[in-house]
Amino acid sequence: MDMKKLLKYISVATIALVIVSSCEDQYEAPGETSKNLVVYNNQTNFGNQVQVNDSITFADVSSGVISRTWTLPENIGTAVSTGTSMSTADLDYFVFSEPGKHEVKLSLDFGEPFYINGFQQEETSYDSLIIVDVLDSVRLTITGQRLDKDGNVESSLDMSTGALNEVVSSRSVSYSYTATGEPAELIYMLDGSDPARVDYVAADLEAGTADVTTVKYKKVGTYDAVFLARRTRPAGIDTVVFRDFIKVVPSSDPVDLDALTEVDNKVELNFSREMDATTINPSDFDILIENNGIEIKPLVSSIDLKAGEQNVVVITFSEETLYNTDTVTVDFTAGSLMTSDGVLVTDFSERVDFGADNLLEVQGGFEGSSSSNWGQVYWNGADLGQTVSVVTDFARTGSNSLKFVGLDGGFAEALNNTDPFGSPIEAGAQYRLSGWIYVTAATGAGTFNQIGLFIPEDWGTQAETTFSSVSFNQWHQISKVFNASSISTYCYFRLLDGGTLWLDDVELRLWEPRPMN
């Protein structure tokens, strides 16, 4: 019998085929003297990946082998035991000098016919091709652009240590990156900037979220910058460090109030650059709390700069507790308050942002959602042609919305197929479920012609609006505050009695009602 070779391309790391040696044509169950092919490598569970110029271990522990030969790509792969592209060792370390998907060929000679998984073969040898994914070394390149006061690109930064790139206080810099070696993590550590640290994970890199990172420099001084890209397995890292990289200089630009937020029952005013603590005068600030028609003038105990953040002014109250259902307004009348570079703060009147997290994973705008995330539930027992789908041609904000089309006598409805909550719903806590709808027309009449936003475990706490109170052809907000009676896992929306509806900017937030004594 002529020797034939069975060529098998294997993309997984471990080959575990039972090969039985026999001199007879009839099937014999494998026994203790069976000839078995078993090949391992140390990156089996990690996609057969190795970094260029690092070693990957292969071991042939097959029994009954007369001879073996490992063959690597010439001028690319090297067997450590021989220093060439070939090896006959049962265990060896292979190194690849170029990135890419490379073949490792293993040729085994058993000298006799054998069985594979109980099926007799005529061949007496077996060849395998194992694909090794060789990744390039992780290398990171950073570029930077100065932005003017309107956010437009002004000029490029000198990306070198000691460059002392001048940036006007309160202005921004955008950083971009390119990388080799498929890093899974990207970290920016930027002294003097806001934010001072930015972390990206693999999903961010794949989605393009990390392509451009914009930070603002608010403090006069000289600062370093550190950029790091890394990959856990195969391990790889590159760190780019620039010392004395940014020099923030005084500005004559007007002072901006970048944010006004509630933090730990205090109000923080985040200005576009450092403030002079000696110029703070509490009498220049007036704070008003409104809730359910009641107005409260809280007693302020202090107004100071935040420790370690000289651009943040903190208002602390003596006794008053703030609730995220409050409307809190800070009125400032220009007086002595100025920046550390001598620019006065002008009048402003702004509301405090309580920053309650939207618990929906879809983040209300459906930008990260597709039609496959939403299933229809035919409560009326039939599919009457109603549809629910994520569309990209009409939205209140962003580009996506959830479109409902219902026919007369039926209704379109949608149940999120995936867990939509970023954190668990707390039993007994109050929540506000809201959304914006756009209705073109609807048939029918009466209170049953409605839109419902439901929490499944308590259908009675639905947020509903009859069409008699909805203006057609414009965005209208509906909402409902409810007590969570149990832990919920899905959101449910429906449109009754026909018509076409778009839903956007859905929010589910923890709700803090102010006690009314």
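Everything that follows concerns the structure shown earlier in this document.
Residues numbered from 1 in each chain as written. Predicted model: local features only at pLDDT ≥ 70, side-chain atom pairs only at ≥ 80, totals over all residues. Heavy atoms only, no water.

Enquirer: Explain the overall build of the protein chain to me, please; I cannot follow it from the model alone.
Expert: Scanning the protein chain from terminus to terminus reveals one helix and 42 strands. Each of the 517 residues in the protein chain was classed as buried or not, and the buried ones make up 45%. At a minimum sequence separation of 6, the contacts of the protein chain that also span at least 24 residues come to 68%. (Helix = DSSP H or I, 4+ residues; strand = E, 2+ residues; numbered from the N terminus. Buried < 20%, exposed > 50% of the residue type's maximum accessible area, 1.4 Å probe, protein only. Contact = heavy atoms within 4.5 Å.)

Enquirer: Please explain the side chain of R146 as it appears in this structure.
Expert: Its location among the elements puts R146 in strand β15 (residues 139-147). Buried charge R146 goes without a salt bridge, the closest partner of opposite sign being E154 at 5.2 Å. Separated by 3.3 Å, the side chain of R146 and the backbone oxygen of S156 make a polar contact. (Lys, Arg positive; Asp, Glu negative; His and termini not counted. Salt bridge = Lys/Arg side-chain N within 4 Å of Asp/Glu carboxyl O. Polar contact = N/O pair within 3.5 Å; in protein donor to acceptor, adjacent residues only side chain to side chain.)

Enquirer: Sorry, what's going on with the layout of surface pockets here?
Expert: In this structure, the largest pocket occupies an estimated 400 Å³ of space. Surrounding the largest pocket, 17 residues form its lining, N324, D353, F354, R509 and W511 being those nearest its centre. At the level of secondary structure, the elements contributing two or more residues to the lining of the largest pocket comprise β31 (327-332) and β42 (499-510). Looking at side-chain class alone, the lining of the largest pocket contains six nonpolar, five polar and six charged residues. (1 Å grid on protein atoms, 1.4 Å probe; cavity = no way out; pocket = protein on both sides within 12 Å on 5 of 7 lines; lining within 4 Å. Points joined across faces, edges and corners; volume = space filled by probe spheres on them. Nonpolar A, V, L, I, M, F, W, Y, C, P; charged D, E, K, R; others polar.)

Enquirer: Whenever I open this one, the environment of T397 confuses me. Can you help?
Expert: Within the secondary structure, T397 is located in the loop between β34 (387-391) and β35 (401-406). Separated by 32 residues in sequence, T397 and G365 have C-alpha atoms that sit 6.9 Å apart. Ignoring anything within four residues of it in the chain, the contact list for T397 reads E367, D504 and D505. In this structure the side chain of T397 is engaged in a polar contact, spanning 2.6 Å, whose partner is the side chain of D505.

Enquirer: Looking at this structure, how should I read the pairing of strand β29 (residues 300-306)?
Expert: Bridge analysis of β29 against strand β30 (residues 309-317) gives six bridges, and the strand direction is antiparallel. When the sheet's bridge partners are listed, L305 is paired in β30 with V313. Linking β29 back to β30 in an antiparallel pair, the connection comprises two residues, with G308 at a positive phi of about 80 degrees. (Pairing = 2+ DSSP bridges.)

Enquirer: Even after reading the chapter, I still don't get unusual backbone geometry, so can you show me in this structure?
Expert: With the exception of glycine, the majority of residues adopt a negative phi angle, and the majority of peptide bonds are in the trans configuration. Between D194 and P195 the backbone carries a cis peptide bond, its omega angle lying at 0 degrees. Relative to the helices and strands, P195 resides in the loop between β20 (193-194) and β21 (197-201). Note the cis peptide between R233 and P234, where omega equals -5 degrees. Among the secondary structure elements, P234 is positioned in the loop between β23 (221-231) and β24 (236-249). The phi angle at N265 is positive, at roughly 65 degrees, despite the residue not being glycine. Of note, N265 is situated in the loop between β25 (257-263) and β26 (266-271). Overall, N265 belongs to the partly exposed group, its relative accessible area being 24%.

Enquirer: Would you mind going over the packing of aromatic side chains with me for this structure?
Expert: Where two aromatic rings form a pair, the distance of their centres and the angle of their planes describe that pair. If you walk through the whole model with that rule in mind, you get 17 aromatic pairs. For the pair F394 and Y438, a centre-to-centre distance of 4.8 Å together with 75 degrees between the ring planes defines the contact as edge-to-face. Here Y438 lies in strand β37 (residues 430-441) and F394 lies in the loop between β34 and β35, a separation of 44 residues in the sequence. Here a set of aromatic residues connected by ring pairs shows up, and it is made of Y175, Y188, Y200, F227, F242 and F245. Residue placement shows R396 over the ring face of W436; its charged tip is 3.7 Å from the ring centre. (Phe/Tyr/Trp six-rings, centres within 6.5 Å; stacked < 30°, edge-to-face > 60°. Lys NZ or Arg CZ within 6 Å of the ring centre and 35° of its normal.)

Enquirer: Could you clarify how one ought to interpret the pattern of salt bridges in this entry?
Expert: Pairing of side chains with opposite charge becomes possible as their charged atoms draw close. One pass over the full model with this rule turns up 20 salt bridges. With a shortest N-O distance of 3.0 Å, D136 and R139 are connected by a salt bridge. Taking the relative accessible area as the measure of exposure, R139 reaches 42% and is therefore partly exposed. Overlapping salt bridges, with partners in common, bring together D194, K216, K218 and D258 in one network.

Enquirer: I would appreciate a short explanation of the sheet that holds β25 in the present structure.
Expert: Either a parallel or an antiparallel arrangement is found when strands of a sheet pair, and the pairing is made through backbone hydrogen bonds. Here we have four strands laid out as an open sheet, ordered β25-β26-β30-β29, and antiparallel in their pairing. Each end of this open sheet is capped by a strand with a single partner; those strands are β25 and β29. On average, each strand axis in the sheet is inclined to that of its neighbour by 20 degrees, with strand direction left out of account. The pairing of β25 with β26 spans six bridges and is classified as antiparallel. Paired with A259 across the two strands is N270, which belongs to β26. (Axes fitted to C-alpha atoms, helices over the stretch in contact; angles between N-to-C directions.)

Enquirer: How should I be thinking about the sheet that holds strand β32 (residues 348-351) in this particular structure?
Expert: The sheet built from four strands is open, its strands ordered β28-β27-β31-β32 with antiparallel pairing. For this open sheet the edge positions go to β28 (294-296) and β32, each flanked by a neighbour on one side alone. Along the sheet, successive strands turn relative to each other by an average axial angle of 20 degrees, direction set aside. Bridge count for strand β27 (residues 285-291) against β28 is three bridges, and the pairing is antiparallel.

Enquirer: I keep staring at the nonpolar core and nothing clicks. Help me out?
Expert: Within the largest apolar cluster, 26 residues are counted, with the highest numbers of intra-cluster contacts made by Y175, L186, Y188, Y217 and F227. Going through the elements one at a time, β15, β18 (171-180), β19 (185-190), β21, β22 (212-217), β23 and β24 are the ones with two or more residues in this core. Considering every element that reaches this core, the biggest residue donor is β24, with five residues. If we skip the residues at most four places from it in the chain, Y188 touches I142, Y175, S176, Y177, A196, R197, V198, A210, T213, V226 and F227. Counting residues in hydrophobic clusters, the runner-up holds 25 residues, among them L269, I289, L337 and F354. (Core = buried A, V, L, I, M, F, W, Y, C linked by side-chain atoms within 4.5 Å.)

Enquirer: I'm lost on a nonpolar patch on the surface in this one. Help?
Expert: Together, V80, L91 and Y93 make up a nonpolar patch on the protein surface, roughly 270 Å² of accessible area in all. With respect to the helices and strands, the residue L91 is situated in strand β10 (residues 91-96). On the basis of relative accessible area, L91 is assigned to the partly exposed category, the value being 41%. (Patch = residues over 30% accessible without salt bridge, like charges linked within 9 Å, V, L, I, M, F, W, Y side chains within 5 Å. Areas by Shrake-Rupley, 256 points an atom, 1.4 Å probe, with all protein chains shown as cover.)

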